[in-house]
Amino acid sequence: MEKIICVCGHENPAGTKLCGKCGRPLTEEAKSSKIVDMKYDGAAIRSKTRNKSMVDKIWNFFSSVKVGISLIIINLIAASIGTIFPQEFYISVSTDAEKEAYYENTYGSLGKLYYELGLSDVYSSWWFQILVGMLAISIIVASIDRGIPLHRSLKNQRVKRHESFLKRQRIIAEGPIINGDSANTLNLIEEKMKKLKYKVRRDGNALLAERGRFSRYGPYINHVGLIIFLAAVMLRLVPGFYVDESMWVREGEMRAVPGMEGYFIENEKFILEMHDNEKTENQELQGVNVVAKNYQTNAKLYKQTDDAVPGKADDLELVKEYSIRVNHPLQHEGYSFYQMDFRLNEIKAMNFVLTNKETGESFGEVHVDLTNPQDEYVINDQTKVQLLGYYPDFSGFENGEPQTATPNPNNPAFIFKMTTPDKPEGEVSFVAIQQTVEPNGDNAYKMAFKSVETRNMTGLTVHKDSSIPFLAIGGAIFMIGVAIGSYWNHRRLWVEQLDDGSIRLAAHTNKNWFGIKKDIDAVVEFAHLPKYIDQSDDDAEKEKEGDSTL
Amino acid sequence: MDKKKKRSITRGAILVVLLAAIVYTVYTSATNDKVKVLQVGDKAPDFELVDLYESDLKHRLSDYEGKGVFLNFWGTWCEPCKKEMPAMSRQYANYKEQGVEVLTVNIAQTDFEVKKFLESLDVHFPAVIDQTKAVMTAYNVNPLPTTILINPEGRVEKIITGEMSERQIASYMESIKPEQE
Amino acid sequence: MSLISLSGNLLYVAFIAYLVGTLLFGGAIKSSKPDGAVSRADKWGKLALIVTIIGFLAHLSYFITRWIHKGHAPVSNMFEFTTAFGMFIIAAFILIYYMYRLTALGLVALPVALLIIGYAAMFPNSVDPLVPSLQSHWLTIHVITAAMGQSILAISAVAGLLYLLKSINPKIQSKSRFWMEAVLYFGVLVIGFILATVLFKGVGYEADFTYIDTQKAEQEITYNMPAVFGMNDYTLLTENVMNPIVEMPAVINAKKLTTVFWSFIIGSVIYIIVRLVARRSILSMLHPLVQKVNLNLLDEVGYRSVLIGFPVFTLGALVFAMIWAQEAWGRYWGWDPKEVWALITWLFYAAYLHLRLSKGWEGKKSAWLAVVGFAIILFNLIVVNLVIAGLHSYAAN
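Residues numbered from 1 in each chain as written. Chains lettered and ligands numbered in written order. Predicted model: local features only at pLDDT ≥ 70, side-chain atom pairs only at ≥ 80, totals over all residues. Heavy atoms only, no water.

1. Section: the overall build of chain B
Item 1. Along the backbone of chain B there are 5 helices and 7 strands.
Item 2. Going from N to C terminus, chain B has its helices and strands arranged as α-β-β-β-α-β-α-β-α-β-β-α.
Item 3. For 181 residues, the compact-globule estimate of 2.2 N^0.38 gives 16 Å, and the C-alpha radius of gyration of chain B, at 23 Å, exceeds that figure by more than 25%.
Item 4. Reported as C-alpha extents along the three principal axes, the dimensions of chain B are approximately 80 × 40 × 35 Å.
Item 5. Expressed as a percentage of the 181 residues in chain B, the buried residues total 49%.
Item 6. When contacts within chain B are restricted to residue pairs at least 6 apart in sequence, those whose partners lie at least 24 apart make up 70%. (Helix = DSSP H or I, 4+ residues; strand = E, 2+ residues; numbered from the N terminus. Rg over C-alpha atoms; globule rule 2.2 N^0.38 Å. Buried < 20%, exposed > 50% of the residue type's maximum accessible area, 1.4 Å probe, protein only. Contact = heavy atoms within 4.5 Å.)

Okay, here's the thing in structure tokens:
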């Protein structure tokens, strides 16, 4: 591999900007600049060093910060496109045709285009996932490429740096000390810098004071965190890692929990509470009359014995009793039950009165429990009502047979056979809501509807996400890395005492120049050093003068 | 091995792993909806349900080992379920002697509805009600009717969703018939 | 005086204090001493800061008294969140001021906060009951941390604006001069919005309509400004009011469009008057005020505010948001528009940091990026809340 050999004799890998030992600028660019570029401390970024095979080319592509930033921006734009119209999972239709119709009807031809381009489900599209994946590759490759050389050059720092390095720093000073014994100057500097919590190293007539080096690792730590986070998101796709099911349970019902084998959940009661406030101005604007206060399911979680098989429901063991509310899911062994939806007032039982049509005389009441209809309801030994048919969601007749559209009691209908003392052979009547059919002509009796009993239904979602701990670890590492990189900074001060006792000084920080200047102000005063200048100050002024284009 | 080559291999390996991760992600999330819990060839999950008519008769799948089981999920509101029932009843009469058992599983309706419905169709085969939907969940049944063919070894032979004709029913029963000695 | 009206009055006090503070900062900046870290702020500057702190304390007291009155953090509707955002901007300004002693920041930070509070005041300040999903201590933690992060990030835009005010020469035509003037013009439009709302509210303008929404259902709506744009298939119910000029399709909320229209008209009129009277651009009026600020220092303030704000924003707007979402809905991320825009903001500032670190985008480029970042934050506050409906939307239920 080609190497660059510095004047000082140190061998540097190709692509190095500043000699790893003495700091002399090695490239023409570095030599001609007034302030050297200190990122990665002038170490060669690995990808810049070689460019041969296909693998290297791909590697270099992803290593480029320019590519990384472009990927960030592309991801940003792609994500924003998904917010133009609501995504599919936020609209309440299920089939593809309905979805297409929804977008077209609601948002016109633009909506139709949006749907057809797949933008209505952009976040699960293959190309969006590939974009995120490419960003992840970029993070990994760029971190490996920069982190390792930076680590090496920080670890192998020399105290003594060449004049050409020192003079090209942003903060520099050179000159005799203002008063006092110049032989003691370096000691004074060391004393002061130690007080300012710098680590001080000396090498002959040179001194290096350094503080907060670990902050240089912040970006790499946060990138590791991000990668762990993204990997954890991917884990979700591994079978068994992620369960996301929804279920409806009526009050008093027990249901097997989908995705959670051997467990059953019983809905004891569903509670809906409303705020009793007066209508506020915001409610007025939004056309909302009352605001919900609480959605709650009083639930019981049961478990089968371990050797039991599905369907066997006589050996259940109560595991947990809990009031599931929004923000307060029931949690058990990694599974969580969330309050998601509800339906109020489904018919549970109906009460009828056997009535003489003419006289209006009542012969007794019949209570039909829709969860357990009986073959006959005996009123007394001469009077009874037989139930010949029950159709929970009556949808019309087909070949004279009543039909049900669903198993839910949305529109219950019954065929009753009424046996009374004066009609011992019985009269048949078909009874539905607002409809009565008497197949044998005019009956003397009717089943007069009296009242209903209702119950509520709760919609729960069942979740298990085993990737959460990994996400949490990734997120925590990311936050730690970001905090380290943001709230601490790496400050260095190089001092060299020349043979005539005068001082040459340079300082660098990766961020917070204001802070390092305060430190230097302090040491300059303490050790009577020459005044320093900030070489970038006149640059900024120049920029102002030359302003004409963006 | 020289350093250059070694580095190239490391880089290549990292890139390949990352690429594989992306491909896996895109592939699985694209096919995610289609992944069934239960697949042909799997061991059919055991279950136990109480007979519709005799409360102390329990139908346990494992008790039928050595027989073919024709497991049919249905509901009274489901029109195609209703249509295929008489054919099932007739074919069951044929294949019963040849070691094929039919078990129809109603999804959480009331005894009354199920009994009246079967009576009105005049069909005869064992029927059970899956009150808690546990068996339905275990077999990942979604549309009705769904029929699961279970061979004498207790493995899923075929999963049929939608209505079956009488000829199909006959051939399905034939396919799970145990070998005659 | 009841707690809630005391709270309201405290907010007025804060508003007036910020107004006075702005004028004082103007005076401080005009004084002849060089500004910045080296010299401490002069008398005017000190006074300006004291007034600002008084304003902030009043603002904080508003926040606390309202909190006590409601029993939960007052960040649950558009008015409350936006006033809190204004408060945190002032807090962030005071924090950065004590780090850098840069008086000039106040000259931009205070007007920005004033515009934001003024904007907030245009929304109903009613004490709304909380829906079940918001009844969580995470409401307090997530919203306040996110608002703090955004406010600190906003200070970078404040520094950026100052940087641009100084560095863009108003006498030479350039793209940056045009865009800078456009940014200032946008500020005037916000004033236009506030004036339009106050004006029409003052005369008690109301016009009721019925219209047909996207789901083909009939709805009622009340306009508080003369209806320029009519809702889809509207019928005017009120007599002696303006009839809409243009009817909009159902997908566009013509009422909001009308508000935008009037804000635009009134804001533009103000802008034109100012330009006619002063006979120069707003940029050239402000440019001489900021000549003494040190550009290098401003650049650093901008960068430091992003550095300080970015982790706070990440924690509040993403980490806490995910924890809450996991607890409330069982999924930590749901691609809700507000979530997506928080992610976009985060990605943008990540790009800012990378551009600065690796591509050396400092000075003017960096200042522009900071301004764009703030624009994204405002977009998230205004457009996402009011136009793009979602779970977080304060405008929808």
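The discussion continues.
2. A look at the pattern of salt bridges
Item 1. Summed over all chains, the structure comprises 36 salt bridges over all chains.
Item 2. Where salt bridges share partners, they join Glu 163, Lys 167, Glu 174, Glu 496 and Arg 504 of chain A into one cluster. (Salt bridge = Lys/Arg side-chain N within 4 Å of Asp/Glu carboxyl O.)

3. Overview of the sheet that holds strand E3 (residues 171-175) of chain A
Residue and element names in this part refer to chain A.
Item 1. Ordered in space as E4-E5-E22-E23-E3-E24, the 6 strands form an open sheet in which the pairing is antiparallel. The open sheet terminates on both sides in strands that have one partner only, identified here as strand E4 (199-203) and strand E24 (533-534).
Item 2. With respect to the sheet, helix H12 (residues 513-526) is in contact with E3, strand E5 (206-211), strand E22 (491-497), strand E23 (503-509) and E24, its orientation differing from that of E23 by roughly 155 degrees. (Pairing = 2+ DSSP bridges. Axes fitted to C-alpha atoms, helices over the stretch in contact; angles between N-to-C directions.)

4. With respect to the UniProt feature "domain: ResB-like" (unreviewed entry) in chain A
Item 1. When the UniProt feature table is mapped onto this chain numbering, "domain: ResB-like" (unreviewed entry) sits at residues 65-440 of chain A.
Item 2. Spanning residues 65-440 of chain A, this segment combines 29% helix with 37% strand, and its end C-alpha atoms are found 87 Å apart. (UniProt positions renumbered as here; feature names shortened; annotations may be inferred.)

5. As for the interface of chain B and chain A
Item 1. Each partner contributes residues to the interface: chain B has 39 residues there, and chain A has 56 residues.
Item 2. Summing both sides of the interface, chain B and chain A together bury roughly 3800 Å²; the carbon and sulfur share of this comes to 64%.
Item 3. Here chain B is connected to chain A by 3 salt bridges.
Item 4. For Arg 11 of chain B, the salt bridge goes to Asp 56 of chain A, with nearest N and O atoms at 3.1 Å.
Item 5. Run the count over chain B and chain A and you get 4 residue pairs in polar contact (both at pLDDT 80 or more).
Item 6. Sorting elements by how many residues they give to the side of chain B that touches chain A places helix H1 (residues 3-31) of chain B first, with 15 residues.
Item 7. Looking at the side of chain B that touches chain A, its residues break down into 15 nonpolar, 12 polar and 12 charged. (Buried area = accessible area lost by both parts, 1.4 Å probe. Polar contact = N/O pair within 3.5 Å; in protein donor to acceptor, adjacent residues only side chain to side chain. Nonpolar A, V, L, I, M, F, W, Y, C, P; charged D, E, K, R; others polar.)

6. Thoughts on the UniProt feature "transmembrane region" (unreviewed entry) in chain A
Residue and element names in this part refer to chain A.
Item 1. Look at the UniProt record and you will see "transmembrane region" (unreviewed entry) annotated at residues 58-85, 126-148, 220-242 and 468-488.
Item 2. Secondary structure content for residues 220-242 is 70% helix and 4% strand, while the C-alpha to C-alpha distance between its ends is 30 Å.
Item 3. For residues 468-488, helix accounts for 95% and strand for 0%, while the C-alpha atoms at its two ends are 29 Å apart.

7. Examining the interface of chain A and chain C
Item 1. Each partner contributes to the interface: chain A provides 69 residues, whereas chain C provides 80 residues.
Item 2. Together, the buried faces of chain A and chain C total about 6100 Å²; carbon and sulfur atoms form 62% of this surface.
Item 3. There are 0 salt bridges connecting chain A and chain C.
Item 4. Put simply, chain A and chain C have 18 residue pairs in polar contact (both at pLDDT 80 or more) between them.
Item 5. By residue class, the composition of the side of chain A that touches chain C is 35 nonpolar, 20 polar and 14 charged.

8. What about the state of the cysteines?
All names here are of chain A.
Item 1. The final tally for this structure, using the stated rule, is 1 disulfide over all chains.
Item 2. The closest cysteine sulfur to the non-disulfide-bonded Cys 8 is located on Cys 22, 3.6 Å from its own sulfur.
Item 3. Owing to a relative accessible area of 29%, Cys 8 belongs among the partly exposed residues under this scheme.
Item 4. Accessibility expressed as a relative area gives 9% for Cys 22, which makes it buried. (Disulfide = S-S within 2.5 Å.)

9. Focus on unusual backbone geometry
As a rule of thumb, non-glycine residues mostly have phi less than zero, and peptide bonds are mostly trans rather than cis.
Item 1. In this structure, Pro 145 of chain B follows Leu 144 of chain B across a cis peptide bond, with omega equal to -10 degrees.
Item 2. If you trace the backbone, Pro 145 of chain B turns up in the loop between helix H4 (134-138) and strand E6 (146-150).
Item 3. With a phi close to 55 degrees, Asn 345 of chain A is a non-glycine residue in the positive phi region.
Item 4. By the secondary structure assignment, Asn 345 of chain A is in strand E12 (residues 335-356).

10. A look at the packing of helix H3 (residues 78-100) of chain C against helix H5 (residues 137-167) of chain C
All names here are of chain C.
Item 1. One way to put it is that H3 packs onto H5 with a least axis distance of 8 Å and a crossing angle of 50 degrees. If you check the angle between H3 and H5, you find them oblique. Classified by chirality, the crossing of H5 by H3 is right-handed. Here Phe 81, Phe 85, Phe 88, Ile 89, Ala 92, Phe 93 and Ile 96 of H3 come into contact with H5, specifically with Val 143, Ile 144, Ala 147, Met 148, Gln 150, Ser 151, Ile 152, Ala 154 and Ile 155.
Item 2. Here the residues of the contact of H3 with H5 sort into 14 nonpolar, 2 polar and no charged. (Parallel < 35°, antiparallel > 145°, perpendicular 65-115°, else oblique. Left-handed = near helix turned anticlockwise from the far one by under 90°.)

11. Notes on the side chain of His 72 of chain C
Item 1. With respect to the helices and strands, the residue His 72 of chain C is situated in the loop between helix H2 (43-70) and H3.
Item 2. Beyond its immediate sequence surroundings of up to four residues, His 72 of chain C is in contact with Trp 67, Leu 130 and Leu 139 of chain C.

12. So, the pairing of strand E4 (residues 100-107) of chain B
All names here are of chain B.
Item 1. A large share of E4 lies buried, amounting to 8 of its 8 residues.
Item 2. Residue alternation in E4 divides its side chains into two sets, Val 100, Val 102, Thr 104 and Asn 106 and Glu 101, Leu 103, Val 105 and Ile 107, and both sets are buried.
Item 3. Taken together, the 7 bridges between strand E3 (residues 68-74) and E4 define a ladder with parallel strand orientation. Following the sheet pairing, Phe 70 is matched in E4 by Val 102.
Item 4. Handedness of the β-α-β unit built from E3, helix H2 (residues 79-95) and E4 comes out right-handed.
Item 5. Bridge analysis of E4 against strand E5 (residues 127-130) gives 4 bridges, and the strand direction is parallel. The partner of Asn 106 across the bridge, within E5, is Ile 129.
Item 6. Remark: the E4/helix H3 (residues 111-121)/E5 crossover connection has right-handed handedness. (Right-handed = clockwise from strand over helix to strand, strands pointing away.)

13. Focus on the arrangement of the chains
Item 1. The highest contact count of any of the 2 pairs of chains in contact belongs to chains A and C.
Item 2. Looking at chain B next to chain C, you find no contact at all, with the nearest C-alpha pair sitting 16 Å apart.

14. What to know about helix H7 (residues 254-278) of chain C
Residue and element names in this part refer to chain C.
Item 1. Compared with an ideal rise of 1.5 Å per residue, which puts 25 residues at 36 Å, H7 spans 35 Å between its outermost C-alpha atoms and is within 8% of the ideal.
Item 2. Residues of H7 that are buried: Ala 254, Lys 255, Thr 258, Trp 262, Ser 263, Ile 266, Gly 267, Ser 268 and Tyr 271.
Item 3. Two or three places before Lys 255, at the start of H7, stands the capping residue Asn 253, its side-chain oxygen 3.0 Å from that residue's backbone nitrogen.
Item 4. Backbone geometry just after H7 places Arg 279 at a positive phi near 60 degrees. (Expected span 1.5 Å × (residues − 1).)

15. A word on the nonpolar core
Item 1. Core analysis: the largest hydrophobic core is formed by 158 residues, its most contacted members being Phe 85, Phe 93, Leu 105, Leu 298 and Trp 346 of chain C.
Item 2. For this core, the element with the highest residue contribution is H5 of chain C, accounting for 18 residues.
Item 3. In contact with Phe 85 of chain C, other than residues within four places in its own chain, are Ile 116, Ala 147, Gln 150, Ser 151, Phe 374, Ile 377, Leu 378 and Leu 381 of chain C.
Item 4. Counting residues in hydrophobic clusters, the runner-up holds 26 residues, among them Phe 70, Cys 78, Tyr 92 and Met 164 of chain B. (Core = buried A, V, L, I, M, F, W, Y, C linked by side-chain atoms within 4.5 Å.)

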